[in-house]
Structures are given as C-alpha cells and as structure tokens.
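Analysis of the macromolecular model
Spelled out from the first residue to the last, the chains are:
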Amino acid sequence: MFAPFMVHAWLLATIVALVSGAIGFFVVARRAAFPAHALPLGAFPGAAAASLLGVNQLLGLAVFCALGVLVISQLQRGERREVASALWLALSLAAGVLLLSLSGVYAQSINGLLFGQVLGVSREQVVSVAVLSVGALGVLALFARPLLLDSLSGELAAAALGRTGRLEWIFLAMLALTTVIAVPVVGALLVFTLMVGPASAARAFTNRPWRALAGSVALSVASVWGAIALAYLTNWPVGLFVGLLGAACYVSGRLRSAGAVAQAG
Amino acid sequence: MLMSVPSNPGFWVNEPVRVALTVGAGAALVCAVVGCATVMRRQAFAGHALADVSSAGGSAAYLLGLNPLLGFLGMAAAVAVVMEWADMREVRERDLLTGVVLGAGLGLTALLLYFDATMGSVSGAAMTVLFGSMFTIPATIVPVALAVAGAALVASAIIYRPLLLSALAADLARAQGLRVRAVTLTHAVTLALAVSLAAMTVGAILATALLIGPAAAALRLARRPFEALVLAALIGLGATWGGIALAYESFYWTPGRGWPVSFFIVILIFVAYLLSSWAATRRGARRGAALYGCEGA
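Since we're looking at a predicted model, the values are computed, not measured. (Residues numbered from 1 in each chain as written. Chains lettered and ligands numbered in written order. Predicted model: local features only at pLDDT ≥ 70, side-chain atom pairs only at ≥ 80, totals over all residues.)

Before going further, it helps to spend a moment on the overall build of chain A. Regarding its fold elements, chain A presents 11 helices and 0 strands. Secondary structure elements of chain A occur, N-terminal to C-terminal, as α-α-α-α-α-α-α-α-α-α-α. The globule rule puts the C-alpha radius of gyration for 265 residues at 18 Å, and the 18 Å found for chain A is close to it. Here the C-alpha coordinates of chain A stretch approximately 55 × 45 × 30 Å along the principal axes. Of all 265 residues assigned to chain A, the portion counted as buried reaches 55%. Long-range pairs, those at least 24 residues apart, make up 77% of the contacts in chain A between residues at least 6 apart in sequence. (Helix = DSSP H or I, 4+ residues; strand = E, 2+ residues; numbered from the N terminus. Rg over C-alpha atoms; globule rule 2.2 N^0.38 Å. Buried ≥ 20, exposed ≤ 12 C-beta atoms within 10 Å, placed from the backbone. Contact = placed C-beta atoms within 7 Å.)

Let's shift gears to the overall build of chain B. Per the secondary structure count, chain B includes 13 helices and 0 strands. For chain B, the sequential pattern of α-helices and β-strands runs α-α-α-α-α-α-α-α-α-α-α-α-α. Each of the 297 residues in chain B was classed as buried or not, and the buried ones make up 53%. Contacts in chain B between residues at least 24 apart in sequence constitute 76% of all its contacts with a sequence separation of at least 6.

Moving on, we come to the interface of chain B and chain A. Contact residues are listed per partner, giving 41 residues for chain B and 41 residues for chain A. At the level of secondary structure, the elements contributing two or more residues to the side of chain B that touches chain A comprise α4 (44-64), α6 (94-118), α7 (125-131), α11 (207-221) and α13 (261-282) of chain B. Ranked by the residues each element gives to the side of chain B that touches chain A, the list is headed by α6(B), at 14 residues. For the side of chain B that touches chain A, a count of residues per class yields 27 nonpolar, 10 polar and 4 charged. (Nonpolar A, V, L, I, M, F, W, Y, C, P; charged D, E, K, R; others polar.)

Residues and elements named next belong to chain A. At a minimum axis distance of 8 Å, the contact between helix α9 (residues 191-205) and helix α11 (residues 238-264) shows a crossing angle of 20°. As far as their axial angle goes, α11 and α9 are roughly parallel. Along this stretch, α9 crosses α11, giving a crossing that reads as left-handed. Contacts from Thr193, Leu194, Val196, Gly197, Pro198, Ser200, Ala201, Arg203, Ala204 and Phe205 of α9 reach α11 at Val242, Gly243, Gly246, Ala247, Cys249, Tyr250, Ser252, Gly253, Arg256 and Ser257. For the contact of α9 with α11, the class distribution of residues is 10 nonpolar, 8 polar and 2 charged. (Axes fitted to C-alpha atoms, helices over the stretch in contact; angles between N-to-C directions. Parallel < 35°, antiparallel > 145°, perpendicular 65-115°, else oblique. Left-handed = near helix turned anticlockwise from the far one by under 90°.)

Moving on: the confidence of the model for chain B. Residues and elements named next belong to chain B. With 88% of its residues at a pLDDT of 70 or more, chain B shows a mean pLDDT of 83. Note on residues 286-290: pLDDT is under 50 here. Beyond four places in sequence and across chains, it has 8 contacts. Confidence over residues 293-297 falls short of pLDDT 50; this stretch has 2 contacts with residues more than four positions distant or in other chains. Here the complex is predicted with pTM 0.85, and the ipTM for its interfaces comes to 0.83. (pLDDT = per-residue confidence, 0-100.)

We now examine unusual backbone geometry. A positive phi angle, close to 55°, is found at Arg31(A), a residue other than glycine. With respect to the helices, strands and loops of the structure, Arg31(A) is situated in the loop between α1 (4-29) and α2 (33-53). Phi angles above zero are rare outside glycine, and Arg42(B) is one such case at about 60°.

With that out of the way, let us pick up the environment of Gln76(A). All names here are of chain A. Tracing the backbone through its elements, the reader meets glutamine 76 in helix α3 (residues 57-78). Glutamine 76 sits in the partly exposed class, given 19 other C-beta atoms within 10 Å. In this structure the C-alpha to C-alpha distance between glutamine 76 and glutamine 57, which are 19 residues apart in sequence, comes to 28 Å. Apart from the residues lying within four places of it in its own chain, the contact partners of glutamine 76 are Arg81 and Ala84.

In this section: helix α6 (residues 123-152) of chain A. For α6(A), the principal kink sits at Ala144(A) and spans about 60°; a proline, Pro146(A), occurs within the next four residues. Turning to α6(A), its buried residues are Val129(A), Ser133(A), Ala136(A), Leu140(A), Leu147(A), Asp150(A) and Ser151(A). (Bend = angle between axes of the 7 residues up to and from the residue.)

Along the chain, the position of Phe131(B) falls in helix α7. As a C-alpha pair, Phe131(B) and Thr201(B) span 70 residues in sequence and 8.8 Å in three-dimensional space. When residues no more than four places from it in sequence are discounted, the contact partners of Phe131(B) are Val97(A), Gly203(B), Leu206(B), Pro260(B) and Ser262(B).

The next point concerns the environment of Gly116(A). All names here are of chain A. Position of glycine 116 relative to the elements: it lies in the loop between α5 (108-115) and α6. The spacing of glycine 116 and glycine 187 is 71 residues in sequence and 3.7 Å in space, taken between C-alpha atoms. Apart from the residues within four sequence positions on either side, glycine 116 is in contact with Val185, Val186, Gly187, Leu190, Pro237, Val238, Gly239 and Val242.

A few words now on the confidence of the model for chain A. Of all residues in chain A, 93% attain a pLDDT of 70 or more, and the chain-wide mean is 83. Of all secondary-structure elements in chain A, the lowest mean pLDDT belongs to α5(A), at 68, while helix α10 (residues 209-234) of chain A reaches the highest, 90.

Structure (structure tokens):
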C-alpha cells in the first residue's frame, strides 16, 4: 500500500482533501451544495476536451470552471441559484457528450475523470497541484472572516463591509480552483461529497466556526485516506469509498446533533 | 435541415426512431408537469440528485440483464421515499442531505459500472446509463414507459391543486386541513417516475435538463400555473422530437457517425430557455414572477 508508486497518490490525495475540507466549510455555511456539485461535474467536459486535444488536463478544467462561474453568476441574477446551476450543468455536459461521441473513444481516462483515479500520478502533477492549493488556501485565509460573516448574515455583512457581491465571486472562484485541483483525483461526480460530508459533520461537534473548519479539514483528510486504503485493499473504485465515507460523516453528525438535542431537552 | 426530415421516408418507418419518439414524448410530457412543481417548490437540486442516483439502478439493471427503465425507476423511487422521510424534521438541512445521498448513490454507481466493465458482457454501459442513447432503446420498453408515464400523469393530476397550494403557501394548505405529507410523498414518487423516464431518454446525468429546463422557461413566460404546464410540455416535446430529428439528420453530416441525441435535446432546451428569458425581460414588468418566488426575499 505504501509502495513507491503509491507515494505520489497519497501526497496528492492529502493535498486535495485539505483544500476540499477548507472550502467545504464555506459550502455548508453558504448552503451552496448544488453549485459545489454543478461546478465540478460541469468542468469534466473540459478535462475530456483537453485529453482529446493533448493539452494539460488542468488547463481544460480551468477553462470550463471559469465558464461555469461566469454562467452561474450571470444566470443567478434573473433566476434562482439552483436553476442556474442546473442549466449550466446540463449545457456543459451536453457539450461533453458531444465531445466524447465525436472522438469515438470512451476511454478509461474518462471513467477516471468521473469517478476518480489516484494511481499513476506523476511528480509534476503533485507539484502543480501543491502550488494551486497554496494559492487557494491563501485566498481563503485572506477572506475567511468576511466570507463567514456574509454566509451567516448577508445583511450584517453588507452593513459592515459595503459591497458583498464580490464575496460571492471570490467564493465561486475558490470553488472553481478546488474543482480544478480535485477532479483528476476524486472524480467530477464525487468531489463535492468530500466538501459537503466532512463539513456537515464537523458543524455538529462544535459551535465555534474555526474549530468546525479545522474539524472539516481533519475529517476530509481522514475520509480520503480511508477511501484510498479501502480501494487498494478491495480493488474497487475509490469513488465508492469517498461517497460512503462522506455519507458516514454526515450520518454521525446527524446522530450527534440528535443526541445533543435529546440531552438538552 | 429540419425541413428535410419529414420528407425523408426512413425517418418515420425506422423502428428505433419510432421507439425513441414514443419514449421521448412520454418523458417530455411527464417532466413538464412534474418539473413545474419541482421548480416552484425549489427542488431542482433534489430532482437532479434523484436522476443522478437512479444511474445506480440503471447500471445494476445492465449487470443483471433487467429492463433498464425498471432499474432507474426502482432506485429513484426508493431514494425519493427515503429522502422525503428523512426530510421530515429539518427542512433547512435539505440541500446537505440531498448532497450526501447524491454522493453515496454515485459511489454505488461507480462500483456497479466497474462490475459492468469487468464482469458483464455489456460494453459502453457507462455511456448509455449516464448520457443516454435513444436509438438503442429496445422496443420492449415502450409499453412499460407508457404505463409509467400514464401513472405519473394521473398522480400529478390528482395532487395538482393541493401540491400547488402547499408549494406557494404551506401554512395555508395545512390550515385548510390538507394532508401535506401525503401530498409531498406522492409528489416525491412522481418525481422519481419523471426522472427515470428522463434518464431513459437523455441519460441519468442529463435528466436534469429535461426536468428543469422546459419548466424554468415556461415559468418565466406564463402568468398562470396551467399556462406554464402547457408551455413546458410544448417546449419539452419540441426539444425532444427536434433533437431526435436532428440526430437522425446528423448521420449525413459526419458520415458513419451520428451526433448524440442527448446533445441536441439539451441544446434545444437551453435555446428555448434563453429565448423565454429574453422575452420575459423584454416584456419589462415580470408579471409571471409571482409564480416563481424570489431568491432571498
């Protein structure tokens, strides 16, 4: 399990989990589960296109993520966020299905893009992901307090900070960046499980926001490690275990809050 | 291009095309009716999640050699009932719960598709389940699909008024002695019927387009709920049949390889949405907006 060829996989997955756990805290606080699902899934055709053109996958993902942020935030003005997310998702996946069909390949790499692929990670990939992650975490740290305030009470944030429209942009941009980092590893369909599951559980164990953030990151890292170990042992797809461990996190959080309510009442 | 289709004799007598037109029409009609309620009740994410999760049922059906429609349907209905039940206590948690169920369901899909690829004899199951392939639908599915569509339409008609009331004013509905729970549970099951038909048509992860797109477009234009239903049905039907016709034509554009039906259907739906959005903005005062609720209000 810790053979040399697995070292890069462990490193990469850990970095991805750190970033996903951190952004997941804000996804849960802002109730943005659908955009957090729509951006990665909508970006997957970008990676498919990139692999057809022979360009770096991260570039393709980044282009489609940027488009996604633009379309969602534009549609969001005249429309509700969930409908905007659904429309972008459908549009982008339609482009994806055309790409796949015209190229005539349904390669294993596409399956990996959807459901995750941790093996065969190169050193260059680890380095580029590490650089992007530091950037994402840095921006998040810079805007953590205003973002949190805006998530909890938009009116209060508007009163204290003035223009808050910028914050939604920053949030979507960081969501997009996380997507670019995470999709090649955990797959487009399951990136957001890694954001939502651990963060929703962490919230149930503490009332303090920064502790919840730390808990979210810790649970996310634990989920990814568990998922890789189980995938290695069973030889089943890593996506299965990411999904199940995310659900387990959420259920434990629900049980814990239910227990706390019962004790208090 | 479209004009040449009816004059092309191959189109109407072609068995796969007729099957696709029938199943597509059923899916479009049911999705229009259920989709309007879904958008008004702000359940776009739940509808999308059900469709995604139904892919686990679809891939299991390929593995076991069952009717794929029944696979989609079984999984979607089971998850719909479970989500509706778990939802009971905390409505604010709905998005998170939906997300987590979605994640676990997709994990299961990953496993089943892996089994399909390694053990099953079906190649390309992943592509068919996730993105649909209308021209390969077996003719034996038609009676099942029509029965499912009929059941969904009848159920929607029965709960139409109470559901509308509970969507727009839940307290009022409760005060009138409506059994809101029974109504929402029935709606959850009709939602499952709708997404499984849509998954059969455009594939599990594109089903959202058929469910949400026509309804969102119609709700921007219509001033009365019934008007919205009719408009959504027309848009859905037009996009589905138009998509099938264009895909049939596309065999002549790139010789030997047709473009996917799902692509055309989704693009046509998106164009319809943009047009209706543009028309609604041009009309200035958004008189239909009351149907819709407002974000953040």
